[in-house]
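# Secondary and tertiary structure notes
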Amino acid sequence: MTISQAKAIFIWSTVFSAVLFLALTYDSVSKMPQRTNEKNLDEHVAAGKWVWQKYNCNDCHTILGIGGYYAPDVTKVVSYRDADWVRRFIEDPEKVWPASRKMPNLHLKDQEIADVTAFLTWVNGIDTNNWPPKPLTVAAAGAPKPGEAIFKDQGCSACHMIGGIGGTAGPDLTQVGGRRDKEWIEEQLKNPKSHNPNSIMPSYAKLPEKDREDLADYLSGLK
Amino acid sequence: MQYESQRIAYKYFVISALLFGLQVIFGLITGAKYVWDFDPLINILPFNTSRAIHLNLLIVWLLFGFMGETYYLVPEEAETEIYSAKLANLQLYLLAVIGIAAITGYVFGWSWGMPFLEQPTVLKIGIVIVALIFLFNIFMTMMKTRKWTGILIVLLAGLVLLALLFLSGIFFMKNLTTQYYYWFWVIHLWTEGAWELIAGAIMAFVLLKLTGVDRELVEKWLYIEVGLVLFTGIAGTGHHYYWIGTPKYWLWVGAAFGALEPLPIFLMVIDTLRHVRERKVEIENKIVLYWAVGSAVLHFFGAGVWGFAHNLPQVNRWTHGTQVTASHGHFAFFGAYVMLNLTMIYFALPKLKGIRLFKHGLSLMALRTMTFSMLMMVLAFAIAGIVQIYLQRVLGMDYLTTQRFMKPWFTVLWISGWGFALGVLMYIIDFFTLKQVEPSPVHRRSQNE
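A short tour of the structure in this document, coming up.

Conventions used here
Residues numbered from 1 in each chain as written. Chains lettered and ligands numbered in written order. Predicted model: local features only at pLDDT ≥ 70, side-chain atom pairs only at ≥ 80, totals over all residues. Helix = DSSP H or I, 4+ residues; strand = E, 2+ residues; numbered from the N terminus. Rg over C-alpha atoms; globule rule 2.2 N^0.38 Å. Contact = placed C-beta atoms within 7 Å. Nonpolar A, V, L, I, M, F, W, Y, C, P; charged D, E, K, R; others polar. Axes fitted to C-alpha atoms, helices over the stretch in contact; angles between N-to-C directions. Parallel < 35°, antiparallel > 145°, perpendicular 65-115°, else oblique. Left-handed = near helix turned anticlockwise from the far one by under 90°.

## Quick look at the overall build of chain B
- Scanning chain B from terminus to terminus reveals 15 helices and zero strands.
- Relative to its length of 449 residues, chain B is compact, with a C-alpha radius of gyration of 22 Å against a globular reference of 22 Å.
- Each of the three principal axes of chain B carries a C-alpha extent, and together these read 70 × 45 × 45 Å.

## With respect to the interface of chain B and chain A
- Between chain B and chain A, the contact holds 62 residues from the first and 60 residues from the second.
- Those elements that provide at least two residues to the side of chain B that touches chain A are helix 2 (47-78), helix 6 (176-211), helix 7 (215-236), helix 11 (313-319), helix 12 (323-352), helix 13 (361-394) and helix 14 (399-433) of chain B.
- Broken down by element, the residue count for the side of chain B that touches chain A peaks at twelve residues, all from helix 7 of chain B.
- Looking at the side of chain B that touches chain A residue by residue, the classes come out as 30 nonpolar, 19 polar and 13 charged.

## Quick notes on the packing of helix 6 of chain B against helix 7 of chain B
Residue and element names in this part refer to chain B.
- Look at helix 6 against helix 7: their axes get within 10 Å of each other, and the N-to-C directions meet at 165°. Viewed along their axes, helix 6 and helix 7 adopt a mutual orientation that is roughly antiparallel. Crossing geometry of helix 6 relative to helix 7 is assigned as right-handed. Mapping the contact onto sequence places Glu-192, Gly-193, Glu-196, Leu-197, Gly-200, Ala-201, Ala-204, Leu-207 and Leu-208 in helix 6 and Arg-215, Val-218, Glu-219, Leu-222, Glu-225, Val-226, Val-229, Leu-230, Gly-233, Ile-234 and Gly-236 in helix 7.
- Counted by class, the contact of helix 6 with helix 7 contains eleven nonpolar, four polar and five charged residues.

## Digging into the packing of helix 1 (residues 8-35) of chain B against helix 2 of chain B
Residue and element names in this part refer to chain B.
- Where helix 1 meets helix 2, the axes come as close as 8 Å, and the angle between the chain directions of the two elements is 160°. Here helix 2 runs roughly antiparallel to helix 1, going by the angle between their axes. Here helix 1 runs over helix 2; the crossing is left-handed.
- Of the residues in the contact of helix 1 with helix 2, the class split is 20 nonpolar, eight polar and three charged.

So, in structure tokens, the structure goes:
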């Protein structure tokens, strides 16, 4: 092979790949508005994206799987929790999730919190080709009991341990059904200070009555 | 050293060595936060800030290295002095000031908030100005003699591509998917495109000078390799477009082109080894050769094999967004760019200091310490990542609970990080204290003959 042939390989393979890439880019850009629900992308969402950038959230949290690996991925956080939980968490991370690895309180203004929550709600709707994958065991076991799902959604395991998994800020709940009945648990969820005036547990009175009942049902069954 | 203006490179190398040291210090701070939950610095230097500084220092010291190496290489290739030494100095100070401003700014919460591209827009404009000065200076130097060697063409193509692609990371876009789409034009197309061209040209230059093999042979390989790099790398950007809101066909395009990416890197290993075997001159400073071969091999394993391992969507679905990516990132940057920079610096440094033969002991120790420690870090990250995938993604365990099971590996990572820092310290000491040694009798005799 001569040097000019090698040079031709260099030029034409680059051109081929670049043309293909740019053509697909053109197509992707035309499809992205639909795949990302751009119609829901209002000023609040855009402002929220800037809040996300301004506080450099992305160097701890991944979003769409990209970023720092120090804190949970937030792509689908609004599905795992809910927008209200997100808002309360950002307001005071320590109070809502007293985990040992901490997120600093960024002291965001109310408007900033509302905007970044709107942004995360919009991100939640992006079509990510089913990423992140559903855990295999969960998929195999079928739908969990409704109470178990609420236990997960509300992040109870940040403080409470069940079967060796979870935090230690609150009591171990592995066999809680042996010591407390359903009514007691329901009351505890509604007003934690009713049983212990010094309890640091947040109230879950904000949950619908049905959810509290399911949760108490699930927990009182753990014996 | 044949040209006076090659001396400019030295200042660039000094800054790059110091920033390398600083980068590793911030790496240790960042790593400590994984090992201990209690973070005394949480309100001064939280994880995101120390990570941003760690990443930025990496890019900046490598760029200082590349620029210095370009200023060293171009006069010899173009056979003329640099167009303007003043511009080269101005550009150096400008970039240093921008770098200091960026890092100080992060500590005070001044950030643009996209990973690697955290620099606020004003500073990014400054970086563009620096790049333009640099390109102008290099291009004008080449135009003085118009000796368009293959090495110069590939180098210039890489530098122009580097500057152009940076533009796609400057603008704020409302849509996160679009923002990330173009963000990868900097992150991916730099490391798997533009930088490969620059690194390929530099490596070709070192091999040419070191082994004395035919220029035509070296440049022929160079063209084919960088051609394949761009062929696989440009469309291979698709392996970042699996899960970010982009259409499904990227799963196919990214998988196919991404899977081919190790091929040119493998060719680089082969041709490096072949040039060394068929060398026509006695290699005096063998340590440069060790760095070069080390770089070729680790480039292949770090960027090629480790990248290939989680390139396919079926695998990437599970590994994406976990410490497996951190493992690949550390390995690839070290093999492809850190070792290449040190190869060229060890080639040029003695000449810049007016030394012919130098003592290799400390450099070899630095090479071994860095490589061993980095391999340990890469394994620790990888195992932590696999634990994370299994517990979190397969069993559905909560994120923070999973992190507790990863801690033993974070500890291995951190201890290995200290080992790596020790290797870097050896390099920095060696860099500043490099001394002439008298040639051995054997050497002297062979020269007299």
